[in-house]
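Structure assessment
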Amino acid sequence: MSLKELLKNRKSYRHNFTDRKITKDELQYLMEAAYLAPSGCNLQSSRVIGVLDQDKLDKLAEIFGFAWAKTATAAIVIVTKPMALEGKGPSRHKEDFGAAAQNLWLAITDLGLATTWIQGQIENEKGEQMAEVLKVPGDYKVSGYFPIGEPSRETVGPKKMPFEVRCFLDEFGAEFK
Ligand SMILES: Cc1cc2nc3c(=O)[nH]c(=O)nc-3n(C[C@H](O)[C@H](O)[C@H](O)COP(=O)(O)O)c2cc1C
């Protein structure tokens, strides 16, 4: 898929996956996409955990609590911790995570697979329970959980606001024409 197609096709998927197994090579491709993302001061604050083990997949989905995630045949969990260089401003680990997550999502789309960026729903004890399952050291926090699989159905993504509402030419509010 071209980058343009990937950008257009990427969307959140919250339905059952087929039973198609994700291979280790595919998982590695996805993890590399996340790992190659830019980071503030190149501090590379995120750590990427690929999960194929069925018991761990089940536990993560159980903690998340949604039936569709239980059908995922792989998952990626990205964990981060604050990191900053003296005199270079605050930690950018949240932005680093965002860049890694978006790279990952595009790569998932590239393989004809699907996921959803699960963050808001695990910013509580669920994230901590997931960290326990994956033996994440205490100074790292689970930032995102991505259950992955082959979609079992076509879905239509949510409507985006019209381009003109959010994109301007030369100054805020000026029409792009
Ligand atoms: C920072 C962030 C946190 C998100 N957290 C969740 C979440 O916890 N659960 C969920 O189902 N989707 C979550 N999403 C996905 C958004 O709901 C989704 O991207 C948005 O509705 C737009 O839909 P689209 O991804 O199909 O374009 C999150 C997305 C972002 C960028």
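All values reported here derive from a predicted model rather than from experimental measurement.

**What to know about the site of the ligand**
Surveying the vicinity of the ligand reveals 13 residues, the closest of which are S12, R14, W117, Q121 and K160. At 3.0 Å, a backbone N or O of W117 approaches a nitrogen atom of the ligand. Between an oxygen atom of the ligand and a main-chain N or O atom of G120, the distance comes to 2.9 Å. In isolation the ligand has 620 Å² of accessible area, and contact with the protein removes 67% of it.

**As for the pattern of salt bridges**
The tally for this structure, following the rule as stated, stands at five salt bridges. For the salt bridge of E62 with K70, the shortest nitrogen-to-oxygen distance reads 3.5 Å. Under the relative-accessibility criterion, E62 is labelled exposed at 52%. A salt bridge links K81 to D139, with the shortest nitrogen-to-oxygen separation between them at 2.9 Å. Placement of K81 in the loop between β2 (74–80) and α4 (93–110) and of D139 in the loop between α5 (125–133) and β3 (141–148) is noted, with a sequence separation of 58 residues between them. K81 sits in the partly exposed class, given a relative accessible area of 21%. Because the salt bridges share partners, they merge into one network encompassing R20, E26 and E150.

**So, the packing of helix α2 (residues 24–35) against α4**
Viewed as axis vectors pointing N to C, α2 and α4 meet at an angle of 150°, and their least axial separation amounts to 7 Å. In this view, α2 runs roughly antiparallel relative to α4, as classed from their interaxial angle. Where α2 crosses over α4, the two elements pack in a sense that is right-handed. Listed contacts from α4 to Y29, L30, A33 and A34 of α2 are A100, N103, L104, A107, I108 and D110.

Reading the values: the criteria
Residues numbered from 1 in each chain as written. Predicted model: local features only at pLDDT ≥ 70, side-chain atom pairs only at ≥ 80, totals over all residues. Heavy atoms only, no water. Near = heavy atom within 4 Å. Polar contact = N/O pair within 3.5 Å; in protein donor to acceptor, adjacent residues only side chain to side chain. Areas by Shrake-Rupley, 256 points an atom, 1.4 Å probe, with all protein chains shown as cover. Salt bridge = Lys/Arg side-chain N within 4 Å of Asp/Glu carboxyl O. Buried < 20%, exposed > 50% of the residue type's maximum accessible area, 1.4 Å probe, protein only. Helix = DSSP H or I, 4+ residues; strand = E, 2+ residues; numbered from the N terminus. Axes fitted to C-alpha atoms, helices over the stretch in contact; angles between N-to-C directions. Parallel < 35°, antiparallel > 145°, perpendicular 65-115°, else oblique. Left-handed = near helix turned anticlockwise from the far one by under 90°. Contact = heavy atoms within 4.5 Å.

All quantities given are derived from atomic positions and should not be read as evidence of function.
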